[in-house]
Amino acid sequence: MRTFPLAVCSAAALATSLQPLQARSIPEPVMGVGPVLERTLGSIGIDSDNSVSPKIGFENTSSTASGAMTYEGFRIGSGKEAVHFDALVVEGDEEAGPVTLTGQGVSAYATPRDIEIETISVTFDPDDMAALREIERQETNRDMSRIVCDAVKSGLDFSVSNMAATLDGASPVSLGDLNLGLEAKSIAGRCVDLVKFGLQDFLLDMGEDKVTIGNASLASLQLLTPGMLERETGITFQSDLKIADVAVDLSDLPAPVTLDVLQSSGKYDADSAIPLARAGLNDLMATPPGAPWSQTFQPGLTHAAPDLDPAEVWNAIRQLVGSGYFSIGGLKTDLSDFEALPPSSPIRGPLQLDVASSSSMKDGALNFRIRKDADPLATLDAELELHMGAANDVPDNVAPDAVMMRLPLKFGRFDVTFDEHGLDQVLSQMTGQGIEDSVLSQLPMLPDDQKILISDWIASAMGKGNHAHLVLQPDSPQLVQSIGPMLFGDWAMLADVLNARTVD
């Protein structure tokens, strides 16, 4: 069966080479499809005269005043490879522009799998889709990003409503709604891709194991291939992901796990990355001509790496402007009935984890923050600020491992708060060591006076309602290279340099 890239017939892949589950009346092929459908099928390599596979057929046709044509009892493929549509509605112009195909009552019955879809729809421009035919050609030096960019330059929208499928004959899958939108444009000589994805009411039922996802969404504006733009465009590249209302119930887990929401977001100013591209990073990430598809969308490091100037790259990174965010809200389970835990264990009951982290970069300043709240164990909240100073030339004879020591990374601020309310007991029951002993066992080289400082700080965080809070903030950013040796020296001097203080 010839490759059929349209999402509207993706169900055909499930039916290929499988035996029918139930008998169904299959109409004989009817000649004379409308010009819009003929144009559409031709763009993806299917002949409407049925001279080659996959063959098509339908029972009746009707049209509306707007020009849409409905093919009743539409079928593509034959026998065990057939995909059936109660109705296929085709809308569009017979000569140019986008076409919308809407399938109603779509089904493919085969052993050990079957699939039924209430509605499936795809909108695309057949003239653009012809670009995908190039993928089948065994040519070298082909630019796959250009082919994909051309294929969706007018946009491609795909949606499914109310899908039910059975995989391997025993694992039902159901889906309420799925939407996918793609659009690509050539900007400043590079392919920029906009992707939108949405999903609702997903269920995978494997008997004792079940996975459900209430909803998920993704919106992303990115370059299709690795690298950065080299001309000003005013574009901000950004990706936003959200997954909510997840439940995982697996027989291998001691209890079901649920997730309220997971969110991730990241963006950067494309113009701020131009210096980095010109410093040689684009050359480093370029794909060699003739590379296979699997390498096309990944950094191609199989060719000779360019001769990068560490100082130039460093100073280019300083000009980046961007930010990111990641959070997990309400990751829960209940171990009340997990008999492997002692009855007195703090985690023998409901557990919840919440995590929020963020990062940003501007004017060479990097800021990071993370907060973890594991109830009923502990809460950790930490912030770190670093500064990238302007770098001078790095001598050619400097060993690669020593290059970072020549680059001015400066420490600006560190703020950490720790609140223990159950973790110490859990560690003691599971490992025989509490938090203090576990930490100090990893620092055997420290002298006793420094171990005492660590012990006292941890002790101040023990017990619900108590917390340990430490702030390090020098009067001006200090070179990390100068702070490192002081960690193994006099901590009183280090505390003066970093203005270290504990906060009640």
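## Re the overall build of the protein
- Assigned secondary structure in the protein consists of 12 helices and 20 strands.
- Taking all 504 residues of the protein together, the buried fraction comes to 38%.
- Of the contacts made within the protein by residues no fewer than 6 positions apart, 60% connect residues no fewer than 24 positions apart.
- As displayed, the protein offers around 26300 Å² of accessible surface, 54% of which is attributable to carbon and sulfur atoms.

## Here's the deal with helix H7 (residues 310-317)
- When we look at burial in H7, the residues that qualify are Ala311, Val313, Trp314 and Ala316.
- For H7, the secondary structure elements touched by its buried residues are helix H5 (274-285), strand S16 (378-388) and strand S17 (409-420).
- Where H7 begins, the side chain of aspartate 309 points an oxygen toward the backbone nitrogen of alanine 311, at a separation of 3.0 Å.

## Digging into the packing of aromatic side chains
- Scanning the entire structure with this criterion turns up 4 aromatic pairs.
- Look at phenylalanine 58 and tyrosine 71: their rings are 5.1 Å apart centre to centre, the planes differ by 75°, and that puts the pair in the edge-to-face class. In this pair, phenylalanine 58 sits in the loop between strand S1 (56-57) and strand S2 (60-63) while tyrosine 71 sits in strand S3 (residues 69-76), placing the two residues 13 residues apart along the sequence. Both residues of the pair, phenylalanine 58 and tyrosine 71, count as buried.

## Some details on the environment of proline 226
- Looking at the element boundaries, proline 226 is found in the loop between strand S10 (209-223) and strand S11 (236-249).
- For proline 226, a relative accessible area of 21% gives the class partly exposed.
- Distance in space between the C-alpha atoms of proline 226 and leucine 281 is 9.7 Å, their sequence separation being 55 residues.

## Examining a negative patch on the surface
- Taken together, the side chains of Asp307, Asp309, Glu312, Asp393 and Asp396 present a region of like negative charge at the surface.
- Mapped onto the elements of the fold, aspartate 393 is located in the loop between S16 and S17.

## Digging into the layout of surface pockets
- By volume, the largest pocket amounts to about 910 Å³.
- The set of elements that each furnish at least two residues to the lining of the largest pocket consists of S17, helix H10 (448-459), strand S18 (468-472), helix H11 (480-486), helix H12 (491-498) and strand S20 (501-502).
- Here the lining of the largest pocket takes 5 residues from H12, the largest share from any one element.
- Taken together, the residues of the lining of the largest pocket sort by class into 23 nonpolar, 2 polar and 2 charged.

## Side note on the nonpolar core
- The biggest cluster of nonpolar side chains holds 40 residues, and the ones touching the most others in it are Tyr71, Phe74, Phe85, Val90 and Met163.
- In terms of nonpolar packing, the next biggest core, distinct from the first, is built from 26 residues, Leu276, Met361, Leu366 and Leu386 among them.

## Here's the deal with the pattern of salt bridges
- This structure, assessed with the given rule, holds 8 salt bridges.
- The shortest N-O distance in the salt bridge between aspartate 381 and arginine 369 comes to 2.7 Å. Here the residue aspartate 381 occupies a position in strand S16, and arginine 369 occupies one in strand S15 (residues 365-375), the gap between them amounting to 12 residues.
- Classification of aspartate 381 as buried rests on a relative accessible area of 13%.
- Each of Arg39, Asp125 and Asp127 takes part in one network of salt bridges that share partners.

## Examining a nonpolar patch on the surface
- Together, Met445, Leu487 and Phe488 make up a nonpolar patch on the protein surface, roughly 360 Å² of accessible area in all.
- For leucine 487, the position within the fold is in the loop between H11 and H12.

## Re the confidence of the model for the protein
- On average, residues of the protein score 83 in pLDDT, and 84% of them reach the 70 mark or higher.
- The element-level mean pLDDT for the protein is lowest in helix H1 (residues 11-15), coming to 32, with strand S12 (residues 257-269) highest at 97.
- Segment residues 1-30 is flagged for pLDDT under 50; beyond a separation of four residues in sequence, or across chains, it makes 80 contacts in the model.
- Scored below 50 in pLDDT, residues 289-305 makes 33 contacts in the model with residues more than four places away or belonging to other chains.

## What about the pairing of strand S9 (residues 190-206)?
- Taken together, the 14 bridges between strand S8 (residues 171-187) and S9 define a ladder with antiparallel strand orientation. Across the sheet, residue lysine 185 finds its bridge partner in S9, namely valine 192.
- Counted along the chain from S8 to the antiparallel partner S9, the turn is 2 residues long, and its residue alanine 188 has a positive phi close to 55°.
- Pairing between S9 and S10: 14 bridges, direction antiparallel.

## Here we look at the environment of glycine 73
- The residue glycine 73 is located in strand S3 in this model.
- Expressed as a C-alpha distance, the spacing of glycine 73 and glutamine 104, which sit 31 residues apart in the sequence, is 9.9 Å.

## Section: the packing of H5 against H7
- It is the contact of H5 with H7, at a shortest axis distance of 8 Å, that shows an interaxial angle of 150°. One element, H5, and the other, H7, form an angle in the roughly antiparallel class. Viewed along their axes, H5 and H7 form a crossing whose handedness is left-handed. On H7, the residues that touch Pro275, Leu276, Arg278, Ala279 and Leu281 of H5 are Glu312, Val313, Ala316 and Ile317.
- Taken together, the residues of the contact of H5 with H7 break down into 7 nonpolar, no polar and 2 charged.

## Some details on the pairing of S18
- Most of S18 sits inside the fold, with 4 of its 5 residues counted as buried.
- Pairing of S17 with S18, which is carried by 5 bridges, proceeds in the antiparallel orientation. Note that in S18 the partner of aspartate 415 across the bridge is valine 471.
- Judged from the 2 bridges that link them, S18 and S20 form a sheet pairing that is antiparallel. When the sheet's bridge partners are listed, leucine 470 is paired in S20 with threonine 502.

## What to know about the state of the cysteines
- A full pass over the atoms with the stated rule returns 1 disulfide.
- There is a disulfide in this structure between cysteine 149 and cysteine 191, and the S-S distance comes to 2.3 Å. Its torsion about the S-S bond being 100°, the disulfide of cysteine 149 and cysteine 191 is classed as right-handed. Linking cysteine 149 in helix H4 (residues 144-151) with cysteine 191 in strand S9, this pair joins segments that are 42 residues apart in sequence.
- Cysteine 191 sits in the buried class, given a relative accessible area of 8%.

About the cut-offs
- Residues numbered from 1 in each chain as written.
- Predicted model: local features only at pLDDT ≥ 70, side-chain atom pairs only at ≥ 80, totals over all residues.
- Heavy atoms only, no water.
- Helix = DSSP H or I, 4+ residues; strand = E, 2+ residues; numbered from the N terminus.
- Buried < 20%, exposed > 50% of the residue type's maximum accessible area, 1.4 Å probe, protein only.
- Contact = heavy atoms within 4.5 Å.
- Areas by Shrake-Rupley, 256 points an atom, 1.4 Å probe, with all protein chains shown as cover.
- Polar contact = N/O pair within 3.5 Å; in protein donor to acceptor, adjacent residues only side chain to side chain.
- Phe/Tyr/Trp six-rings, centres within 6.5 Å; stacked < 30°, edge-to-face > 60°.
- Patch = residues over 30% accessible without salt bridge, like charges linked within 9 Å, V, L, I, M, F, W, Y side chains within 5 Å.
- Salt bridge = Lys/Arg side-chain N within 4 Å of Asp/Glu carboxyl O.
- Lys, Arg positive; Asp, Glu negative; His and termini not counted.
- Charge placed at Lys NZ, Arg CZ, Asp CG, Glu CD.
- 1 Å grid on protein atoms, 1.4 Å probe; cavity = no way out; pocket = protein on both sides within 12 Å on 5 of 7 lines; lining within 4 Å.
- Points joined across faces, edges and corners; volume = space filled by probe spheres on them.
- Nonpolar A, V, L, I, M, F, W, Y, C, P; charged D, E, K, R; others polar.
- Core = buried A, V, L, I, M, F, W, Y, C linked by side-chain atoms within 4.5 Å.
- pLDDT = per-residue confidence, 0-100.
- Pairing = 2+ DSSP bridges.
- Axes fitted to C-alpha atoms, helices over the stretch in contact; angles between N-to-C directions.
- Parallel < 35°, antiparallel > 145°, perpendicular 65-115°, else oblique.
- Left-handed = near helix turned anticlockwise from the far one by under 90°.
- Disulfide = S-S within 2.5 Å.

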